[in-house]
Structures are given as C-alpha cells and as structure tokens.
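This is what each chain is made of:
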Amino acid sequence: AQTVTQSQPEMSVQEAETVTLSCTYDTSESNYYLFWYKQPPSRQMILVIRQEAYKQQNATENRFSVNFQKAAKSFSLKISDSQLGDTAMYFCAFTPTSGTYKYIFGTGTRLKVLA
Amino acid sequence: GAGVSQSPSNKVTEKGKDVELRCDPISGHTALYWYRQRLGQGLEFLIYFQGNSAPDKSGLPSDRFSAERTGESVSTLTIQRTQQEDSAVYLCASSSGGQWETQYFGPGTRLLVL
C-alpha cells in the first residue's frame, strides 16, 4: 500500500528563521509526483511546491525548497526566512503518474511562526 | 476569476438522513476531486472526475457514497443513510487536467451527523 507519513504533528519557528518539515512515503512506483500544500487557519488549501520523481534537481519556489531523496523516499520542505503568514497546516501529498488519479495525503504538520 | 465554491458551508443532519453536497469548480477546469478530512487527519481521496471520462471511484468508502458531475460543471456528492462516522469536512478541488496540475481547493463543507 502507498502511504505518506509526516512525523511532526506540530512545529514552531521564530520569525526570520529557517524550518524543515519532514515527509516520507512508501511506494513501489518508479515515477510519481510529490506536493506540499498549505492550509492557513480558516482559509483554503493552496499549493506550495511540487516535484517530479524523475527529476533529480530539488524544486524551489522563492523561500520554499524541497530536499528530495528518492532512494530514501523522503521529501522534506524547507522554509527560509519564516514569516507570520507561513503559519498553517502543511500537507505532503503523493500521486503516481500511472494507473490511478488518487492522491495520498499525509496527516499534516501544524506550523506556528512566532513573532 | 472566481475560485472553487462549495455549498452548504455547514450541514447538521440526523443519523440515517441523506445529504447532498455541492461543488462549483473553476470555469474551464476539466478535473474535479472530492476529499474527506476528518478532524486531525489528512485528506482522504474519495473520487476523481476528468472531463467525460469514467470517474475514478476507488476512494469511496461505501456504497452509501456517490457523486455525479455533468460534463465540466457542477458536481454533487451524496451520502445516503448518514452515520456519525461520516462527520468530517468534505473538500472539493478542481484543476486544469493532469495529476501534475495544481489543485484549487474550495472552502469545504463541514458535515456533522448527530
């Protein structure tokens, strides 16, 4: 079975500091997509960053970057220069590129940025 | 333009009643997903629609759950004979096509079954 695990239910970070959220997954697929989505308090979920498994280069979007380790099945999210607006639930998600359109989400990490 | 909208925003029902949840996707988006989010848990995939193709229903938890979508427009998720374990937030998302594409989520419908 394909699973996504986020082992940190809650984290906090000081404003302007860097924080890393962990995500591991289990699959026998060779090609797939990985995503980080953010769900701010009382607001809608939005995409933060995504990665194609066959690309070795780690994705980067402004202050957000990932550390993708395919052999270790790890997909961590690094937030640099944390801002108060980064306070949210962060979900890691996986979908294989063939056979199904199913997305598998982790249970989320609640991140609080402290002033 | 307008985002994904869902209605109602909240629904309280009695055990055994049927409920219908509605999702209006972003205009032009061919793909539509339904998810369930129980308190303190991640999103659980329910069903996927892509254009006029047969939907992927592999995530529906029981035959009490069904969903419809006409073309690339509105979708409805129906839960028959609701149970207390159906209490959750039901999220809808739409995207412009394949699995790589960004999913745009609605605000969700919070369902409480008494």
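The preceding data block contains the structure.
The structure presented is a predicted model; accordingly, all values stated were derived computationally and were not measured. (Residues numbered from 1 in each chain as written. Chains lettered and ligands numbered in written order. Predicted model: local features only at pLDDT ≥ 70, side-chain atom pairs only at ≥ 80, totals over all residues. Heavy atoms only, no water.)

Helix and strand counts for chain B come out as zero helices and 10 strands. For chain B, the sequential pattern of α-helices and β-strands runs β-β-β-β-β-β-β-β-β-β. Compactness check: chain B gives a C-alpha radius of gyration of 13 Å against a globular reference of 13 Å for 114 residues, within 12% of the reference. Taking the principal axes of the C-alpha coordinates as reference, chain B spans close to 35 × 25 × 25 Å. When each of the 114 residues of chain B is scored for burial, the buried share is 50%. Sequence-distant contacts in chain B: of pairs separated by 6 or more residues, those separated by 24 or more amount to 55%. Taken together, the 11 basic and 12 acidic charged side chains of chain B have centroids lying 6 Å from each other. (Helix = DSSP H or I, 4+ residues; strand = E, 2+ residues; numbered from the N terminus. Rg over C-alpha atoms; globule rule 2.2 N^0.38 Å. Buried < 20%, exposed > 50% of the residue type's maximum accessible area, 1.4 Å probe, protein only. Contact = heavy atoms within 4.5 Å. Lys, Arg positive; Asp, Glu negative; His and termini not counted. Charge placed at Lys NZ, Arg CZ, Asp CG, Glu CD.)

All names here are of chain B. Most of strand β7 (residues 75-79) is tucked away: five of the five residues are buried. Going residue by residue along β7, you find Ser-75, Leu-77 and Ile-79 tucked away on one face and Thr-76 and Thr-78 tucked away on the opposite face as well. Bridging between strand β3 (residues 19-24) and β7 involves five bridges; their strand directions are antiparallel. By the bridge assignment, Val-19 is partnered in β7 with Ile-79. Relative to β7, strand β6 (residues 65-69) runs antiparallel, the two being bridged by five bridges. The residue bridging Glu-68 from the neighbouring strand is Thr-76, located in β7. Hairpin connection, β6 to β7: the antiparallel pair is bridged by five residues, and Gly-71 has positive phi, about 60°. (Pairing = 2+ DSSP bridges.)

With 21 residues of chain B at the contact, the number on the chain A side is 21 residues. Of the roughly 1,900 Å² buried at the junction of chain B and chain A (both faces included), carbon and sulfur atoms supply 56%. Of all residues in chain B, the largest losses of buried area upon contact with chain A belong to Gln-99, Trp-100 and Phe-105 of chain B, amounting jointly to 42% of the total for that side. Linking chain B to chain A there are zero salt bridges. Run the count over chain B and chain A and you get seven residue pairs in polar contact (both at pLDDT 80 or more). Those elements giving two or more residues to the side of chain B that touches chain A turn out to be β4 (31-37) and β5 (43-50) of chain B. (Buried area = accessible area lost by both parts, 1.4 Å probe. Salt bridge = Lys/Arg side-chain N within 4 Å of Asp/Glu carboxyl O. Polar contact = N/O pair within 3.5 Å; in protein donor to acceptor, adjacent residues only side chain to side chain.)

Residues and elements named next belong to chain A. Counting 26 residues, the largest nonpolar core has Tyr-25, Trp-36, Phe-75, Leu-77 and Tyr-90 as the members making the most contacts within it. At four residues, strand β10 (residues 88-96) tops the list of elements feeding residues into this core. In this structure Leu-77 touches Val-19, Thr-20, Leu-21, Trp-36, Val-48, Ile-49, Phe-64, Ser-65, Val-66 and Tyr-90, once residues within four positions along its chain are discounted. (Core = buried A, V, L, I, M, F, W, Y, C linked by side-chain atoms within 4.5 Å.)

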